[in-house]
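Inside the fold
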Amino acid sequence: MSAFDERRITDALATNSTDLLAYFERRAGTSADAADLLAETMMTAWRRVSDLPSTPERARMWLFVIARHTLLNSERAERRRWRLANRLRLLLGPTEAPAADDGAEVRDAVARLDPPLAELIRLVHWDGFSLAEAAAVLEIPASTARGRYAKAKEELQRALGRSHPVDAEIAHAPH
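Owing to the predicted nature of the structure, the values given are computational and were not obtained by experimental measurement. (Residues numbered from 1 in each chain as written. Predicted model: local features only at pLDDT ≥ 70, side-chain atom pairs only at ≥ 80, totals over all residues. Heavy atoms only, no water.)

1. Remarks on a positive patch on the surface
- A cluster of basic residues, Arg 76, Arg 79, Arg 80, Arg 83 and Arg 87, forms a positive patch at the surface.
- Mapped onto the elements, Arg 83 comes out in helix α3 (residues 56-92). (Patch = residues over 30% accessible without salt bridge, like charges linked within 9 Å, V, L, I, M, F, W, Y side chains within 5 Å. Areas by Shrake-Rupley, 256 points an atom, 1.4 Å probe, with all protein chains shown as cover. Salt bridge = Lys/Arg side-chain N within 4 Å of Asp/Glu carboxyl O. Lys, Arg positive; Asp, Glu negative; His and termini not counted. Charge placed at Lys NZ, Arg CZ, Asp CG, Glu CD. Helix = DSSP H or I, 4+ residues; strand = E, 2+ residues; numbered from the N terminus.)

2. Section: the packing of aromatic side chains
- Counted by the stated rule, this structure contains two aromatic pairs.
- When the centroid spacing of 5.3 Å and the interplanar angle of 70° are considered together, the rings of Tyr 23 and Phe 24 count as edge-to-face.
- Residue Tyr 23 is classed as buried on the basis of its relative accessible area of 11%.
- Among the residues examined, Phe 24 registers a relative accessible area of 0% and is labelled buried.
- With 5.5 Å between their ring centres and 85° between their planes, Tyr 23 and Phe 64 make a pair best called edge-to-face. In this pair, Tyr 23 is assigned in helix α1 (residues 3-27) and Phe 64 in helix α3, connecting sequence segments 41 residues apart. Note on accessibility: Tyr 23 and Phe 64 belong to one class, buried.
- Among the aromatic side chains, those forming a connected cluster through ring pairs are Tyr 23, Phe 24 and Phe 64. (Phe/Tyr/Trp six-rings, centres within 6.5 Å; stacked < 30°, edge-to-face > 60°. Buried < 20%, exposed > 50% of the residue type's maximum accessible area, 1.4 Å probe, protein only.)

Written out as structure tokens, the structure is:
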């Protein structure tokens with residue numbers, strides 16, 4: 001991208017980003033959704049900078065066309081997610097939800113762990129990965145995962161005031 005194109009797209013986005021954000025806020029579910037849609041619109045505009053019209057008015061319209069397409073794509077993706085979720089609910093059948101406070105002590109203890117330790121515990125006990133598989137997901141050596149796992153279990157035992165292993169409690173805590 002030339003410096004000229006970079007300056008033009010930067011100027012067009014700076015001039016129109018407030019209006020684009022307002023456009024998304026009026027149509028999206030949350031402010032966070034609107035901000036995500038704006039970011040995606042900006043990325044698309046940067047990728048397509050060679051198509052940016054030369055006049056400010058045409059550039060504004062071009063950005064709003066991209067914004068509209070971004071919104072439509074997002075809405076289609078959301079509909080697909082809902083359809084998939086509905087199909088999965090039908091396939092899986094009715095489920096009995098545990099009580100809201102069932103396992104809360106364990107969930108809270110896991111949440112208080114350092115984030116890398118908590119994620120390792122969640123992957124192993126809640127997502128069903130082996131320790132080696134969890135290490136691969138986290139992109140860390142298996143030996144590092146083993147050390148972190150041992151440390152996490154010790155911290156959980158202390159936090160829960162248990163002298164016995166807590167593996168079963170973690171695995172059965174609703175998540």
